[in-house]
Each structure stands twice: as C-alpha cells, then as structure tokens.
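Chains, contacts and geometry: an overview
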Amino acid sequence: MRWIVQALGQRWVLFSLLVINTLGTIYGYYWYRGQLYATPPKFLIFVPDSPTASLFFVFVLVAFLLKKNWGLIEALAIVTLFKYGIWAVVMNILVYFELGSLDFASLMLIFSHGAMALQGLLFAPFYRIKWYHLAIASVWTLHNDVIDYVFGMLPWYHVLNEYVQQIGYFTFWLSIASIGITYVLCVKKDRFVLSIT
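Residues numbered from 1 in each chain as written. Predicted model: local features only at pLDDT ≥ 70, side-chain atom pairs only at ≥ 80, totals over all residues. Heavy atoms only, no water.

**As for the overall build of the chain**
Rules: Under the DSSP-based scheme used, a helix requires at least four consecutive residues in state H or I and a strand at least two consecutive residues in state E, with every element numbered from the N terminus. Type-normalised accessible area, obtained with a 1.4 Å probe on protein chains alone, sets the label of each residue: buried when under 20%, exposed when over 50%, and partly exposed for intermediate values. Working rule for contacts: check all heavy atoms of both residues, and any pair within 4.5 Å makes them a contact. Accessible surface area values rest on a Shrake-Rupley calculation with a 1.4 Å probe, where residue burial reflects the displayed protein chains alone. Only four residue types enter the charge count, namely Lys and Arg as positive and Asp and Glu as negative; His and the chain termini do not. By convention, the charge on Lys lies at NZ, on Arg at CZ, on Asp at CG and on Glu at CD.
Along the chain, the regular secondary structure elements total eight helices and zero strands. Taken over the C-alpha atoms alone, the chain extends approximately 50 × 35 × 30 Å along its principal axes. Burial analysis of the chain (197 residues in total) assigns 46% to the buried set. Within the chain, contacts between residues at least 6 apart in sequence are counted, and of these 80% link residues at least 24 apart. Just so you have it, the chain exposes about 10600 Å², and 72% of that area is on carbon and sulfur atoms. Each charge sign in the chain was given a centre, from 12 positive and 8 negative side chains, and these centres are 19 Å apart.

**Looking at a nonpolar patch on the surface**
This is how the line gets drawn: Each patch is built from residues lacking any salt bridge and having more than 30% relative accessible area; the joining distance is 9 Å for like charges and 5 Å for nonpolar side chains (Val, Leu, Ile, Met, Phe, Trp, Tyr). Whenever Lys or Arg places a side-chain nitrogen within 4 Å of a carboxyl oxygen from Asp or Glu, that contact is recorded as a salt bridge.
Together, Tyr27, Tyr30, Trp31, Phe104 and Met108 make up an exposed nonpolar region whose accessible area comes to about 550 Å². Of all the secondary structure elements, the ones that give two or more residues to the nonpolar patch are helix H2 (11-31) and helix H6 (104-122). Per-element accounting of the nonpolar patch gives the leading share, three residues, to H2. Within the fold, Met108 resides in helix H6. You can call Met108 partly exposed: its relative accessible area is 30%.

**Overview of helix H7 (residues 131-150)**
What counts, and what does not: What a helix should span is 1.5 Å times the count of its residues minus one.
Counted at 1.5 Å a residue, the expected span for H7 with its 20 residues is 28 Å, and the 28 Å between its end C-alpha atoms agrees. His133, Leu134, Ala137, Ser138, Thr141, Asn144, Asp145, Ile147 and Asp148 are the residues of H7 that are buried. Looking one or two residues beyond H7, the residue adopting positive phi is Gly152, at roughly 75°.

**Some points on helix H4 (residues 49-65)**
Here H4 spans 25 Å end to end across 17 residues, near enough to the 24 Å set by a 1.5 Å rise per residue. With 14 of its 17 residues buried, H4 lies for the most part within the structure. Once H4 ends, the next one or two residues include Lys67, with phi positive near 60°.

What follows is the structure, encoded as structure tokens:
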C-alpha cells in the first residue's frame, strides 16, 4: 500500500489527476446549473458542494506541481472530498432503495464520488495541514451544513425529500467524521508523511 501512495507523488500522476479533476469540476458545476439558477445569490457559493470540493483539490494539485503546500486549501480539500464523496454515494444508494433501480447517471455519481473520497484520503501523507487550517475548514464545513439544512440549500434529490431531517442529521455527523479523520491523518503527531518527488 505504501508504494501506491508514494507513486501518487509522481509528476505525471499529479498532472493526470489535475486534468481529470478539472474536467470533473467543470462538469459538476454544469450538473448544478438548474439549482444554481434557482438559488438566491447569497447562497450560491454553498450550493455546488462536490464540484467545490474537487475545485479545492485542483488547487492542491497545482500547488504540488509547483512543489508547494497550501495547508488551508489542503484542509478544505480533504474534509470536503471525503464528506461529499461519501454523502453522494450514500444518497444514491438510498435512491436505489426508494426506486428499486439506478440509472447510468446515478451509477456514475457513485463511482466518481467514491473516487473523490478515496483520492482525498490517499494524498493525506503529502498534506501539510496545521491545526488552524483544520479549524477554518471545520467552520466552513459545518456552516455549509447550516446553509443546506436550515436554509434548504441542500443538493436536489427529490425522491428523498421526505427524509431531509434524517439526511441532515447524517450529514452533520459525516462532517464531524470527516474533520476527525483529517485530524488523525494530517494533523496528529507521528503521522505518515511523504514529500512530492
């Protein structure tokens, strides 16, 4: 497993992931176009959760290619990649239980968001996150939960509308888990650390 993580620091891998994540981010914002059109301007930044998470990671990859670390962006990336990656996978599985089937788009979302969560974690040894970076990322993430579930700006999954309260509760604890995982992997002393080659 260690050699796989070390291989991620190769420049060709970083560049390939930069291209993939950039295209995925653009498509993600496009996927949200209908909801963004109907969103009040003051909430726009908080609505496209997954593409914003992958956008953070795009900046992380740019920094890596420049042989730099941007700790705050890294903290925002790992917390949100894991959170929204897992969230989307779970939501689409719930859609399956509601409808009894999934279309190609839902299967694609499960695969792509699972990959989002995984890549955020795999790059943890390369991050240089301080406790205050994680504190800021935590405020961002929990504030986003408030915007989503108090002000009703959560991503549209109409088939799951009757479960919004339960989804909000799950999402809060998923946020806490994402923050905790980031602390263990990226902030705690004696963690596994690698450098970009």
